[in-house]
Structure formats: structure tokens, C-alpha cells
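# A look at the structure
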Amino acid sequence: MISLPDTGFLADASPRLKQMLAAQATEIGLERGAGLFKQGDPGDALYAVLAGSMEISILSLDGRKLSLDLVGPGAVFGEIALFDPGPRTATVTAVEPSRVLRVLSADVMAELHRHPELAIDMVRLAGQRMRWMGGQLNEQVFLPVPTRLARKLLHLAPQHDAGGATVRLSQAELAEYVGATREAISKTLATWKRLGVIDVGRGTLAIRDPNALRALADPDQI
């Protein structure tokens, strides 16, 4: 029997969903940089993260990459294919050695027919995804780059460090998460470094003053 993490979405998942994942899922190991699936691939499975971190990103028509999220142990994704069997709407890539569980959509639907209460988990998961995407759209349209960057750092830090103090991403990668140019990110980080809010290293960023960063992330402080 597979041992599931008690974090992320799985922390509040129903016993039935956990039982299905533990009993029916196939475990997949991924090296850093390995792709789980690409935007446009057939959507045929539901996934849960056992260990590691997975980047969810999209590619614009002009080829520009926008990183949407970084998910860790306990995260569940791929549910859109259950409601609308079509191509994947995003690309998922391992940013470090990772392990994920895969349950084929057909098997999930069979379980839903046998145990309709599983639908509560799926609807809750889809609702969380819609709320997250709505928030991302609002930030992208209405908030300036520094505010978006502060909010993204506060979101990403717990994924990388138990103390929530270090983000192990390059400035180019941060630009992909914020939807900005590398130059704009570099300028903003340089200002924050002078103020003592952060320290910047090679491929890492240390948050020195979380309260100041939270203030910078507050849209009312603009």
C-alpha cells in the first residue's frame, strides 16, 4: 500500500479518495527537468504529488512561458480532464527529483460511479483551481510587477524551505512566474536588497524581512 503525504489537497481529502490513490495509482519517478505532460497532450489521468516539486506552466501563442504555480507533496492536479476530456491546458515539469501518482481518468470515473461521494473531492479540487486561476488573472491585469513579485515570493517560499525564508529560483525563473521581464525583476530585487528586505545569491533568494515583504505584497499599499 502506498503511503500518502498528509499535506496539500490530500490533507483534507476524503478517505475514499485516499483509498483510490493508494490502491489504483501507478507511481512515476521523475528527474529534475523531466516533463510529466505538455500543454496540448491528451488529458487522460489524475495526478498526486508524493515527493518533490512540480512546476505548472503555460506557453503563449508567441512562445513566451508563464509559470503558474509550484506544487509539492499532497497536491492533486489533472482534474480538468475528468470534466472536459480534451488536451492538457498546461505543462507540468519536475523542478527537482520527484515522485507522483497517476490514476487513469477512466478508472477515476469508474470509481465515481461506484462511489458518488468522490465527486465532492473533485468539485472541491476544481473549485480551488478556478479560484486560483481567477486570482492569478486579477493579479496579472491589475497589480504592478513589484506587488506581483512580493506575492509570488511569499507563495513560493514555503515550497522551498521549511522556514519559508529561501526561494531557490533564478531571476529568469522568477520572471516566468511573475509574467515580467528579467530586467524588471532584477531592478526590483536590487531595490529590496538595498532596503534589507532580501538577499540575492546565485540561483537563490533569501527573505530577510518577511513583514516588509508582506507589506510590499499588499495591494492597498500601492
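Let me begin by describing the structure that accompanies this report. (Residues numbered from 1 in each chain as written. Predicted model: local features only at pLDDT ≥ 70, side-chain atom pairs only at ≥ 80, totals over all residues. Heavy atoms only, no water.)

A few words now on the nonpolar core. Counting 23 residues, the largest nonpolar core has L153, L174, I185, L189 and W192 as the members making the most contacts within it. When residues of this core are traced back to their parent elements, those giving at least two are α5 (145–160), α6 (171–178), α7 (182–194), β11 (204–207) and α8 (210–217). The dominant element in this core, judged by the number of residues it contributes, is α5, at six residues. With sequence-adjacent residues up to four places away left out, W192 is seen in contact with P146, L149, A150, L153, V197, I198, L213 and L216. Residues L10, L46, V103 and L125 belong to the second largest nonpolar core, which totals 19 residues. (Core = buried A, V, L, I, M, F, W, Y, C linked by side-chain atoms within 4.5 Å. Buried < 20%, exposed > 50% of the residue type's maximum accessible area, 1.4 Å probe, protein only. Helix = DSSP H or I, 4+ residues; strand = E, 2+ residues; numbered from the N terminus. Contact = heavy atoms within 4.5 Å.)

This part takes up a nonpolar patch on the surface. A surface patch of nonpolar side chains, amounting to about 360 Å² of accessible area, comprises L137, V141 and F142. Relative accessible area serves as the criterion here: at 53%, V141 is assigned to the exposed category. (Patch = residues over 30% accessible without salt bridge, like charges linked within 9 Å, V, L, I, M, F, W, Y side chains within 5 Å. Areas by Shrake-Rupley, 256 points an atom, 1.4 Å probe, with all protein chains shown as cover. Salt bridge = Lys/Arg side-chain N within 4 Å of Asp/Glu carboxyl O.)

Here the focus is the sheet that holds strand β4 (residues 54–59). The antiparallel open sheet is built from four strands, whose spatial order is β2-β7-β4-β5. This sheet does not close on itself; its edge strands, each paired only once, are β2 (35–37) and β5 (65–71). Shown here is a sheet whose adjacent strand axes are inclined to one another by a mean of 30°, direction ignored. Pairing geometry for β4 and strand β7 (residues 91–94), over four bridges, is antiparallel. Within β7, the position partnered with I56 by the bridge is V92. Along the sheet, α6 contacts β4 and β5; its crossing angle with β5, the most-contacted strand, is approximately 95°. (Pairing = 2+ DSSP bridges. Axes fitted to C-alpha atoms, helices over the stretch in contact; angles between N-to-C directions.)

Here we come to the pattern of salt bridges. Between side chains of opposite charge, pairing is possible as soon as their charged atoms come close. Taken as a whole and assessed by the stated rule, the structure comprises nine salt bridges. Between K65 and E55 there is a salt bridge whose closest N-O contact spans 3.0 Å. Taken together, the positions of K65 in strand β5 and E55 in strand β4 put the pair 10 residues apart, joining distant regions of the chain. Note on E55: relative accessible area 7%, which makes it buried. E176 is the partner of K65 in a salt bridge, and the nearest nitrogen-oxygen pair spans 3.4 Å. Taken together, the positions of K65 in strand β5 and E176 in helix α6 put the pair 111 residues apart, joining distant regions of the chain. The class of E176 is partly exposed, set by a relative accessible area of 24%. Among the charged side chains, a network of salt bridges with common partners joins E55, K65 and E176.

Let us now look at helix α1 (residues 15–24). When α1 is considered as a whole, its buried residues turn out to be L17, M20, L21 and A22. Contacts from the buried residues of α1 go to β3 (45–51), β8 (98–104), α3 (105–114) and α4 (118–142).

Across the sheet, which stays open at both edges, the three strands sit in the order β9-β11-β10 with antiparallel pairing between neighbours. Both outer strands of the open sheet, β9 (166–167) and β10 (198–201), are each paired with one neighbouring strand and no more. The pairing of β10 with β11 spans four bridges and is classified as antiparallel. Counterpart to G201 in the pairing with β11 is T204. Against the sheet, α7 touches β10 and β11, its axis set at about 125° to β10.

What follows concerns the packing of aromatic side chains. All told, the structure shown has three aromatic pairs when counted by the stated rule. Taken together, a centroid distance of 5.6 Å and an interplanar angle of 40° make the contact between F37 and Y47 tilted. Here F37 is found in strand β2, whereas its partner Y47 is found in strand β3, with 10 residues between them in sequence. For F37, a relative accessible area of 10% translates into the label buried. A ring pair is formed by F37 and F77, whose centres lie 6.3 Å apart and whose planes are at 50°; its orientation type is tilted. A residue pair is termed long-range when its members are at least 10 positions apart, and F37 in strand β2 and F77 in strand β6 (residues 76–77) qualify at 40 residues. Of the two residues, F37 and F77, neither departs from the other in class, the shared state being buried. Three or more aromatic residues joined by ring pairs form one cluster here, namely F37, Y47 and F77. Here the basic side chain of R88 rests over the ring of F37, its NZ or CZ set 4.3 Å away from the ring centre. (Phe/Tyr/Trp six-rings, centres within 6.5 Å; stacked < 30°, edge-to-face > 60°. Lys NZ or Arg CZ within 6 Å of the ring centre and 35° of its normal.)

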